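Residue-level structural notes
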Amino acid sequence: MTTYDWIVIGNGITGAALSYELAHVGFSVLLLDPSDRPHSATRFSYGGVAFWAGTTDMTQQLCQEGIDRHRHLSDELGASTEFHERDLLMPVFPDDDLPALTHLYQRFQPQPTLVDRQTACELEPLLNPEAIAAAFVVKHGHVHPEKAVRAYNHAFQRLGGQMAIAPVQQMQTHQGKVTGVLTPTETYAGHQVAVCAGSMSRSLLQQMQISVPCYFSHAELIETPPVDLNLRTVIMPANTRRFALEATMEQRQHEDLWDEAGHEIAPPILDAGIFQFADGHLRLGQISRLLTDPQAPVDAAASERQIREAIAHLIPALADVPGQWHRCLVAFSGDRMPLVGALPDYAGLHLFSGFSNPFAFVPTLAQRFAKSQVGNPDLLIESLAPSRFKEQN
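Now for a look at the structure at hand. (Residues numbered from 1 in each chain as written. Predicted model: local features only at pLDDT ≥ 70, side-chain atom pairs only at ≥ 80, totals over all residues. Heavy atoms only, no water.)

**Comments concerning unusual backbone geometry**
Here the bond from Gln-109 into Pro-110 is cis, since omega is 0 degrees, no more than 30 degrees from zero. You can see Pro-110 is positioned in the loop between helix H4 (98–105) and strand E5 (113–116). In the segment running from Gly-285 into Gln-286, the intervening peptide bond is cis, with an omega of -10 degrees. In this structure, Gln-286 sits in strand E14 (residues 282–291). Phi at Gln-175 is positive, roughly 50 degrees, even though this residue is not glycine. Taking the relative accessible area as the measure of exposure, Gln-175 reaches 75% and is therefore exposed. The backbone of Gln-209 shows a phi angle near 60 degrees, a positive value even though the residue is not glycine. Positionally, Gln-209 belongs in the loop between helix H7 (201–206) and strand E11 (214–223). (Helix = DSSP H or I, 4+ residues; strand = E, 2+ residues; numbered from the N terminus. Buried < 20%, exposed > 50% of the residue type's maximum accessible area, 1.4 Å probe, protein only.)

Quick look at the structure:
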């Protein structure tokens, strides 16, 4: 039986990037995922690289490293990720608190520019001027999420990395050390295991009685076929309420509820966002829900109506656009910073999850993490270790 240096669980953007970087520094790596096209947060994301969204020295550094990495990543991987930059337009609605939002965006670097309604509509002629009071504008990076994953996968395989489609049923352990993983048909041996399973990381680790401050929201969106109109900008509301929803977990009073299905931690929210890909198809969303059951029932028809009404109010031309409702799970951490590093419960077990700005953070953190495993200590990586939560208690 082959014993891999690393087994990486999950082939979203996190697992794809980490497996490539580990192979790039010379490790033998196996990448596992239950599906060849998982219905994950990566699959349904906008692929946004928010390199302007750092609010601390660390996140600003990660954002800058991230955008620098994306500008050269397609050449390195030998396949296009469709990276490009365009204007992100963040509408301010009439009932928004403009002074509070202005203060909020002063924390970012570079700072988004506040423009009036007329200027916003000149930047995006499809906007309904009656729907907004003003807007913030900033340059924003984007990749095609699935093409970025495929580019990483192909480069990973050229380096000798192995891929398998199989769900992980449980970890193999011996004397307090992880020794591999068990799937329905195979047992794979590995010296180190990295859990990059996004929203499913929590449940996978719970099987080993490992509790981590890694949670998930249910994200609902509409995906359209290519349409016969062209948006000049990416649209995301200035008052993005998803981050406030996730911040409810910082108080930790809901922690025990996540171990039981059937709870709704907070009421759902809607952030009306619109992104158009190079081939003309759109992703419209999103409704976010904090439901502790990954399979919790949702009224898809009602959700779709709610999203469509909000989008049509902003862009009337999209009122009757064809499309299909989808749902995925989005992972986040207890302090909205990534969970990167060894888990103290078992030797050889690592977590790589909880990214609030994944396409900006993941490529550089995967590279940093891989280098840290070949004798290059990295204080930034060490500061993101899951053990920081135990140290706080």
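**Quick word on the pairing of strand E13 (residues 264–276)**
When a strand is regular, its side chains alternate between the sheet's two faces. By the criterion of burial, E13 is predominantly enclosed, with ten of the 13 residues buried. Bridge count between E13 and E14: eight bridges; the pairing is antiparallel. Paired with Ile-274 across the two strands is Leu-284, which belongs to E14. Counted between consecutive antiparallel strands, the loop separating E13 from E14 contains five residues, among which Gly-280 sits at a positive phi close to 100 degrees. (Pairing = 2+ DSSP bridges.)

**Examining the packing of helix H1 (residues 13–24) against helix H6 (residues 145–158)**
The contact between H1 and H6 brings their axes to 9 Å, and the two run at 25 degrees. Considering the angle they form, H1 stands roughly parallel to H6. Crossing hand, H1 versus H6: left-handed. Contacts from Ile-13, Ala-16, Ala-17, Ser-19, Tyr-20 and Ala-23 of H1 reach H6 at Ala-148, Val-149, Tyr-152, Asn-153, Ala-155 and Phe-156. Grouping the constituent residues of the contact of H1 with H6 by class yields ten nonpolar, two polar and no charged. (Axes fitted to C-alpha atoms, helices over the stretch in contact; angles between N-to-C directions. Parallel < 35°, antiparallel > 145°, perpendicular 65-115°, else oblique. Left-handed = near helix turned anticlockwise from the far one by under 90°. Contact = heavy atoms within 4.5 Å. Nonpolar A, V, L, I, M, F, W, Y, C, P; charged D, E, K, R; others polar.)

**Describing the pairing of strand E6 (residues 134–142)**
Counting buried positions over the nine residues of E6 gives eight, a clear majority of the element. Strand direction decides the pairing type here: strand E3 (residues 48–49) and E6, joined by two bridges, are antiparallel. Directly across from Gly-48, in E6, lies its bridge partner His-142. Bridge count for strand E4 (residues 84–92) against E6 is nine bridges, and the pairing is antiparallel. Of the residues in E6, the one forming a bridge with Glu-85 is Gly-141. Examined bridge by bridge, E5 and E6 share four bridges and lie antiparallel to one another. Bridged to Asp-116 within E6 is Ala-134.

**A look at the packing of helix H3 (residues 57–77) against helix H10 (residues 358–372)**
The interhelical angle for the contact between H3 and H10, taken along N-to-C directions, is 85 degrees, at an axis separation of 8 Å. By the angle class used here, H3 and H10 are roughly perpendicular. Of H10, the residues touching H3 (which contributes Thr-59, Gln-61, Leu-62, Cys-63, Glu-65, Gly-66, Arg-69 and His-70) are Phe-359, Ala-360, Phe-361, Pro-363, Thr-364, Leu-365, Gln-367 and Arg-368. Residue composition of the contact of H3 with H10, by class: seven nonpolar, six polar and three charged.

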